[in-house]
Amino acid sequence: MSKSPASYRPETRLVHSGTLRSQYGETSEALFLTQGYVYNSAEECEARFKGEDPGFIYSRYSNPTIAMFERRMIELEGAEAARSAATGMAAVTTAILAPLKAGDHVVASRALFGSCLYVIQDLLPRYGIETTLVDGANLDQWQRAVKPNTKTFFLESPTNPTLDVLDIPSIAEIAHKGGARLVVDNVFATPIWQSPLALGADVVVYSATKHIDGQGRCLGGIILSSEAFIAEHIHNFMRQTGPSISPFNAWVLLKGLETLGVRVRAQTDTAARIADVLASHPKIARLVYPGREDHPQAALVKKQMRGGSTLVGFEVKGGKAAAFRVLNELKLAKISNNLGDAKSLVTHPATTTHQRLKPEDRAALGISEGFIRFSAGLEHADDLIEDLTAALEKA
Ligand SMILES: *Cc1c(COP(=O)(O)O)cnc(C)c1O
């Protein structure tokens, strides 16, 4: 290609960026399922270890298939560098923990994926890292939480599961004024609808397990940032502690990227249609969908996102019993704690992903007993709407 792949539009980059074609000229990216590499001479081996020869050394550090996945993500996200990890949580934990030391302070939005909340609330304090949880939508709380030793801000937007949208540019500005970096978990938005680095964030993390695979096969994660951040804080930590992704999983995710744009667009269109039907449904007490005018942060969605969401949140009248009846009556959408899949998935957060929380903390996050998270898949929207309305009839 004469043009640099990074200069093409995102759809094109998703298909072509990062390809390392071997001497066999394969069309589809090769899976290099190898632990290590052999050298033509002791001199070449020495040069590789000295960093004078750019080749591969060991697959805990890097691997051609993993490098293709990272490069494609770098060019999609508009980052300078990236390191992939075995799971989304390996990526989140590394991005937060690796740059910190005892005595540092972290501020995070309270509305987090359960395991992210564990890292912030339980794990970091055990190593002498102080943490403060704030209501992410309240900019004053971020501002007031800043201390001289604050090093990292962490948030998710849209949040799980209530789909609140946080003001990334304003929170980044507060972080930077306080001498801290902003790390954004962009799983719910996907790289198709939101680019946190362009909005002022310093680091973006993904669970590639979700939309990037999108077909329920394997786990993976990735950290994207500047060359400086990756080199200074992430490279050595990952290389020496080894939360590395399998080349096989990286290959699945790399191929997943080729269809990410079309899948996320189709799933978002379906989710928007479901949201419109549920908005006026008599059995629904509350509906949240980023992309509708009645979303609590509708203006912010327009400002920082290019599209809505593949997820819909709604509260069924009648609490847990009614919500359980809906889940059990659904024929097409499957009960699962996962999301972003080709198959539509429904979750009851209060008894699954957020069951670890105290009831008052769940209430503060808007996770009522009747709240359901619906992840729209690639089925026909009419089939999903018929399935949902039939299940709601029985609630
Ligand atoms: C799933 C998820 C994670 C964790 O990813 P794994 O791949 O399951 O480890 C982190 N953050 C968010 C928002 C998620 O949805």
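Every value quoted in this text rests on a predicted model; they were computed, and no experiment measured them. Each chain has its residues counted from 1, following the order in which its sequence is written. Note on the predicted model: pLDDT of at least 70 is required for a residue's local features to be given, and 80 or more for side-chain atom pairs to be given and counted; whole-chain, interface and lining totals, by contrast, use all residues. Water and hydrogen atoms were dropped before computing side-chain values, which therefore reflect all heavy atoms in the structure.

1. Points about the overall build of the protein
Strands here mean DSSP runs of E at least two residues long; helices mean DSSP runs of H or I at least four residues long; both are numbered from the N terminus. If you tally the helices and strands in the protein, you get 14 helices and 12 strands. Over its C-alpha atoms the protein spans a radius of gyration of 22 Å, differing by no more than 12% from the 21 Å that the globule rule assigns to 395 residues. On the principal axes, the C-alpha backbone points of the protein span a range of 75 × 50 × 35 Å. Summary of the burial criterion: residues with accessible area below 20% of their type's maximum are buried, those above 50% are exposed, and those between are partly exposed, where the area comes from a 1.4 Å probe applied to protein chains only. Buried positions account for 53% of the 395 residues belonging to the protein. Every residue pair with non-hydrogen atoms within 4.5 Å of one another is taken to be in contact. Put simply, of all contacts in the protein between residues at least 6 apart along the chain, 72% involve residues at least 24 apart. Accessibility throughout is a Shrake-Rupley quantity obtained with a 1.4 Å probe, and a residue counts as covered only by protein chains that appear here. Carbon and sulfur atoms make up 53% of the accessible area of the protein, which totals about 16700 Å². Positive and negative charge centroids in the protein, built from 42 and 43 side chains respectively, lie 2 Å apart. Here the globule rule reads 2.2 Å times residues to the power 0.38, and the radius of gyration is calculated from C-alpha atoms. Only four residue types enter the tally: Lys and Arg on the positive side, Asp and Glu on the negative side, with His and both chain ends excluded. The atom standing in for a charge is NZ when the residue is Lys, CZ when it is Arg, CG when it is Asp and CD when it is Glu.

2. As for the sheet that holds strand β8 (residues 284–288)
Strand pairing in a sheet relies on backbone hydrogen bonds, with the paired strands running either antiparallel or parallel. Any two strands with at least two DSSP-identified bridges between them are counted as paired. Across the sheet, which stays open at both edges, the 5 strands sit in the order β8-β9-β12-β11-β10 with mixed pairing between neighbours. Edge strands, defined here as strands with exactly one partner in the open sheet, are β8 and β10 (334–335). Bridge analysis of β10 against strand β11 (residues 345–347) gives 2 bridges, and the strand direction is parallel. The residue of β11 that forms the bridge with Lys334 is Leu345.

3. Focus: the nonpolar core
Only buried residues count toward a nonpolar core, which is a set of Ala, Val, Leu, Ile, Met, Phe, Trp, Tyr and Cys residues joined through side-chain atoms within 4.5 Å. Judged by nonpolar contacts, the single largest core of 34 residues is most densely connected at Ile120, Phe154 and Ile223. Those elements that provide at least two residues to this core are β1 (81–85), α4 (88–97), β2 (105–109), α5 (114–126), β6 (203–207) and α9 (227–241). Residues in contact with Ile120, not counting those within four places in the same chain, are Ile96, Val106, Ala108, Leu112, Pro125, Thr131, Leu133 and Phe154. In terms of nonpolar packing, the next biggest core, distinct from the first, is built from 32 residues, Ala189, Val204, Ile212 and Val264 among them.

4. Observations concerning the UniProt feature "modified residue: N6-(pyridoxal phosphate)lysine" (unreviewed entry) in the protein
Within this numbering scheme, the UniProt entry marks Lys210 as carrying the feature "modified residue: N6-(pyridoxal phosphate)lysine" (unreviewed entry). Along the chain, the position of Lys210 falls in the loop between β6 and β7 (221–225). Under the relative-accessibility criterion, Lys210 is labelled buried at 11%. Excluding anything up to four places from it in sequence, Lys210 contacts Phe113, Val187, Asn338, Leu339 and Gly340. UniProt positions are given in the numbering used here, feature names are shortened, and annotations may be inferred rather than shown by experiment.

5. A look at helix α12 (residues 319–329)
Buried within α12 we find Ala322, Ala323, Val326 and Leu327. Buried positions in α12, seen along its axis, are confined to an arc of 140° and lie on one side of it. It is the directions from the helix axis to the C-beta atoms that the arc portrays.

6. A look at the layout of surface pockets
In the cavity and pocket records, a cavity denotes points on a 1 Å grid over the protein atoms alone where a 1.4 Å probe fits but cannot get out, a pocket denotes an open set with protein on both sides within 12 Å along at least 5 of 7 lines, and lining residues are residues with an atom within 4 Å of a point. Grid points are joined across faces, edges and corners, and a volume is the space filled by probe spheres set on the points. The volume enclosed by the largest pocket comes to roughly 620 Å³. Considering the residues around the largest pocket, the lining is formed by 28 residues, among which Tyr61, Ser62, Glu70, Ala82 and Arg83 are closest to the centre. Only α3 (64–77), β1 and α9 provide two or more residues apiece to the lining of the largest pocket. The leading source of residues in the lining of the largest pocket is α9, at 6 residues. Looking at the lining of the largest pocket residue by residue, the classes come out as 14 nonpolar, 7 polar and 7 charged. Roughly 420 Å³ of internal volume is contained in the second largest pocket. Around the second largest pocket, the lining is made up of 24 residues, and of these Met89, Phe113, Gly114, Ser115 and Lys210 lie nearest the centre. Elements supplying a minimum of two residues to the lining of the second largest pocket: α4 and α5. Throughout this entry, Asp, Glu, Lys and Arg are counted as charged residues, while Ala, Val, Leu, Ile, Met, Phe, Trp, Tyr, Cys and Pro are counted as nonpolar. The remaining residues, Gly among them, count as polar. Within the lining of the second largest pocket, the residues separate by chemical class into 9 nonpolar, 11 polar and 4 charged. Note that the domain bounds reflect an automated or database-derived domain assignment. Of the residues that make up the lining of the second largest pocket, three or more belong to each of domain 1 (8–258) and domain 2 (260–392).

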